[in-house]
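The chain contents come next:
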Amino acid sequence: AFGGPAPNAWFGPWLSDAILGFLVPAVLFVFWKCKGARVWGFLVIYNSIGAFDYSQGLLTQALSPMPIEMASASTVYIGIGIFMFFQLIALGLLFQRDIVDHYFEK
């Protein structure tokens, strides 16, 4: 329906990737310059949505695989899997005591 060799099921993950990507400069600014419970919560939510987005990419690859001329299945799984792992690490780091203390510091 959208043209091109990629399955239409990939439209959702690509759209959410674009939205999350456009938010990166604002997230980095907030991460470096701001403190508080709301900032910490925003970072937790942003990273949680990012990890969920990667899980949706893995599910989409399983249900509607990319054509081999675009990327091999192993390349897609490994690429998305590695970045999902990094996203989960970032999310876990936000719950470290010193990080929580930094954002909740008065």
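To be clear, the structure that these remarks concern was listed above.
Residues numbered from 1 in each chain as written. Predicted model: local features only at pLDDT ≥ 70, side-chain atom pairs only at ≥ 80, totals over all residues. Heavy atoms only, no water.

## Here's the deal with the overall build of the protein
- Per the secondary structure count, the protein includes 4 helices and 0 strands.
- The linear arrangement of helices and strands in the protein, starting from the amino end, is α-α-α-α.
- Taking 13 Å as the expected radius of gyration for a compact globule of 106 residues, we find that the protein reaches 17 Å, considerably beyond that expectation.
- The principal-axis extents of the C-alpha atoms in the protein amount to approximately 55 × 25 × 15 Å.
- When burial is assessed residue by residue, the protein has 27% of its 106 residues classed as buried.
- For the protein, the accessible area works out to roughly 7,100 Å², and carbon and sulfur atoms hold 73% of it. (Helix = DSSP H or I, 4+ residues; strand = E, 2+ residues; numbered from the N terminus. Rg over C-alpha atoms; globule rule 2.2 N^0.38 Å. Buried < 20%, exposed > 50% of the residue type's maximum accessible area, 1.4 Å probe, protein only. Areas by Shrake-Rupley, 256 points an atom, 1.4 Å probe, with all protein chains shown as cover.)

## Some details on the packing of helix H2 (residues 37-63) against helix H3 (residues 73-94)
- At a minimum axis separation of 9 Å, H2 and H3 run at an interaxial angle of 160°. Overall, the two elements H2 and H3 adopt an arrangement that is roughly antiparallel. Judged by the sense of rotation from one axis to the other, the crossing of H2 with H3 is left-handed. (Axes fitted to C-alpha atoms, helices over the stretch in contact; angles between N-to-C directions. Parallel < 35°, antiparallel > 145°, perpendicular 65-115°, else oblique. Left-handed = near helix turned anticlockwise from the far one by under 90°.)

## What to know about the side chain of Asp53
- You can see Asp53 is positioned in helix H2.
- The charged side chain of Asp53 is buried without a salt bridge, its nearest counter-charge being Arg38 at 26 Å.
- What Asp53 contacts, discounting residues up to four positions off in sequence, is Pro13, Ser16, Asp17 and Leu20. (Lys, Arg positive; Asp, Glu negative; His and termini not counted. Salt bridge = Lys/Arg side-chain N within 4 Å of Asp/Glu carboxyl O. Contact = heavy atoms within 4.5 Å.)

## What to know about H2
- With 27 residues, H2 ought to run about 39 Å at 1.5 Å a step, and its terminal C-alpha atoms sit 39 Å apart, in line with that.
- Taken together, the buried positions of H2 are Val39, Trp40, Leu43, Val44, Tyr46, Asn47, Gly50, Ala51, Asp53, Gly57, Thr60 and Gln61.
- For H2, the elements touching its buried residues are helix H1 (11-33), H3 and helix H4 (97-104). (Expected span 1.5 Å × (residues − 1).)

## Topic: the packing of aromatic side chains
- Scanning the model with the defined rule gives 8 aromatic pairs in all.
- Three or more aromatic residues joined by ring pairs form one cluster here, namely Tyr54, Phe83, Phe85 and Phe86. (Phe/Tyr/Trp six-rings, centres within 6.5 Å; stacked < 30°, edge-to-face > 60°.)

## Let's talk about the side chain of Gln61
- Here Gln61 lies in helix H2.
- Engagement of the side chain of Gln61 in a polar contact is seen with the backbone nitrogen of Met66, the distance being 3.1 Å.
- If sequence neighbours within four positions are ignored, Gln61 has contacts with Trp10, Met66, Ala73, Val76 and Tyr77. (Polar contact = N/O pair within 3.5 Å; in protein donor to acceptor, adjacent residues only side chain to side chain.)

Remember that the coordinates give geometry; whether it matters functionally is a separate question.
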